[in-house]
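Take a look at the letters that make up each chain.
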Amino acid sequence: MEPSEVREANAADASIGIGGTLLLLMASVLLFGSDSSAGANQIALVCGTAIAAGIGIRNGHSWKAIERAIVAGIGTAMPAILILLSVGSLIGAWMISGTVPTLIYYGLLVLDPGFFYAACCLLCAITALAIGSSWTVAGTLGIALVGIAAALGQSIEVTAGAIISGAYFGDKMSPLSDTTNLAPAVTGIDIFTHIRHMTWTTTPSLAVALAIFLLIGGSSANARAGSLDATLALLEGHFDISALQLVPVALVIGLAVRKTPAVATILAGALVGVLFALAFQRPAILAMAPGDGGDAVTRALWTVLFNGYTATTGDANLDALLSRGGMSSMLTTVWLVIAAMSFGAVLERAGILRVLLRGLVKLGRGTGSLIAASGGTCFGINALAADQFMSIVLTGRMFRDEYLRRGLHEKNLARVVEDTGTITSPLVPWNTCGAYMAATLGVPTLTYLPFCFFNLINPLVSMAYGATGFKIEPVEARSDANSQAALA
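Everything quoted here is computed from the prediction, not taken from an experiment. (Residues numbered from 1 in each chain as written. Predicted model: local features only at pLDDT ≥ 70, side-chain atom pairs only at ≥ 80, totals over all residues. Heavy atoms only, no water.)

Peer 1: Quick rundown of the overall build of the protein chain? Include the residues and the values.
Peer 2: A count of helices and strands for the protein chain gives 25 helices and 0 strands. A principal-axis box enclosing the C-alpha atoms of the protein chain has dimensions of 70 × 50 × 40 Å. Within the protein chain, buried positions represent 57% of all 488 residues. Excluding contacts between residues fewer than 6 apart, the proportion of contacts in the protein chain whose partners are at least 24 apart in sequence is 78%. (Helix = DSSP H or I, 4+ residues; strand = E, 2+ residues; numbered from the N terminus. Buried < 20%, exposed > 50% of the residue type's maximum accessible area, 1.4 Å probe, protein only. Contact = heavy atoms within 4.5 Å.)

And the structure:
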């Protein structure tokens, strides 16, 4: 129980709690650059948590209550943490099993450097649309595409931006996606009404992004000669390359389509990867742990799952590309997620987040400014609470009545929270999505951010529609009786 003298947080509290933390994060980025997520951001967030906790205690909240909030906040991130650790093992298993090397090998033969980035974006968009998970796409196809980009001499940063652009388009538009189901549930509409309304902002955003990726193009087709042939030969020499090695990928995609829980899906993929390594990649296993007999094999596979695969092809660039994975590779990211969720939880418990949200609701005087305010709230919560689900839920709850009061259909709000909540989550380094993408693709968030064209364009298109009134549906245009009753 909280003591009776608990006071509400005020604007000054919000300015100190949020402003102080943002200054620390800015200093972290300025001092450490793209390496800030390796520890500097975590310390900034821990300090911010301490500041917010101090404000809460000064306003009468007990330390026990704040501590419980931190534990609960970290608890909400446990599914993401389990996925991160599972993906670490999956990457290591798929490296030694030959699955990722096979994807890279075939990709080098098929993907033309001239339209490589656009092809990456489109491939990830189609796959994510089918399975409803941007994380699964990044953790499977994304890893392979980054490897192909390195072998073709393409920009890793642009490739990561293309992967994320396509993955988030597909995730956002798939009826199998968690966020695509959550946004209409929070705002009170059905999912297919939501998806149809999103096409007006999402489709043109992807079209523009694809056009930009095509304009950027890629390196000359001559990149296929020389070093590329050597890379293909090294892959063939160190791994058993065949279509059979793609079975683990098909398994993971099949389980995702069947809506099998993510952790179970990923661990199943890792287990099959280990079995395929035993069946087809004995030389690669023994290179990891020299020696004879079952002890060496067991030691190598065990190491791959907790500490990743170490390639020994003799080519430094290829070894750096393939030496990845293991649960230990995700520990810094897990640290970042824990620090960010603790900060968000204390902000909410101390009432600082409510102060911010109330102020943003008041900013929405006209339709355009209301949509901008709700979109800005989504991005702000992504940055402060570090979780896209909190972004969608809190914004949907805070703004729904205001949209109805102004005669605006709830599907406008559902679209805005997806356009700005779901889409911008991978652009924040300490958000669970940004941390996951950086750890999985091996590219720092702030490095790939300028090339996530879809994620940058979609919120702007959404705001432009709000400012002009284009495809902003009024209440009178609704046909669902339940929503009419809600307005009454």
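Peer 1: Explain unusual backbone geometry residue by residue, including any values.
Peer 2: Phi angles above zero are rare outside glycine, and Lys471 is one such case at about 55 degrees. Along the chain, the position of Lys471 falls in the loop between α24 (453-468) and α25 (481-487). Using a relative accessible area of 28% as the deciding quantity, one classes Lys471 as partly exposed.

Peer 1: Hey, could you go over the pattern of salt bridges for me, with residue numbers and the actual values?
Peer 2: Overall, the coordinates contain 2 salt bridges when judged by the stated rule. For the salt bridge of Asp13 with Arg58, the shortest nitrogen-to-oxygen distance reads 2.2 Å. Of this pair, Asp13 sits in helix α1 (residues 11-32) while Arg58 sits in helix α2 (residues 40-58); the two residues are 45 residues apart in sequence, bridging distant segments of the chain. Classification of Asp13 by relative accessible area gives buried; the value is 2%. We classify Arg58 as partly exposed; its relative accessible area is 49%. The residue Lys172 makes a salt bridge to Asp419 at a minimum N-O spacing of 2.6 Å. Of this pair, Lys172 sits in helix α8 (residues 156-173) while Asp419 sits in helix α21 (residues 410-422), placing them 247 residues apart in sequence. Using a relative accessible area of 0% as the deciding quantity, one classes Asp419 as buried. (Salt bridge = Lys/Arg side-chain N within 4 Å of Asp/Glu carboxyl O.)

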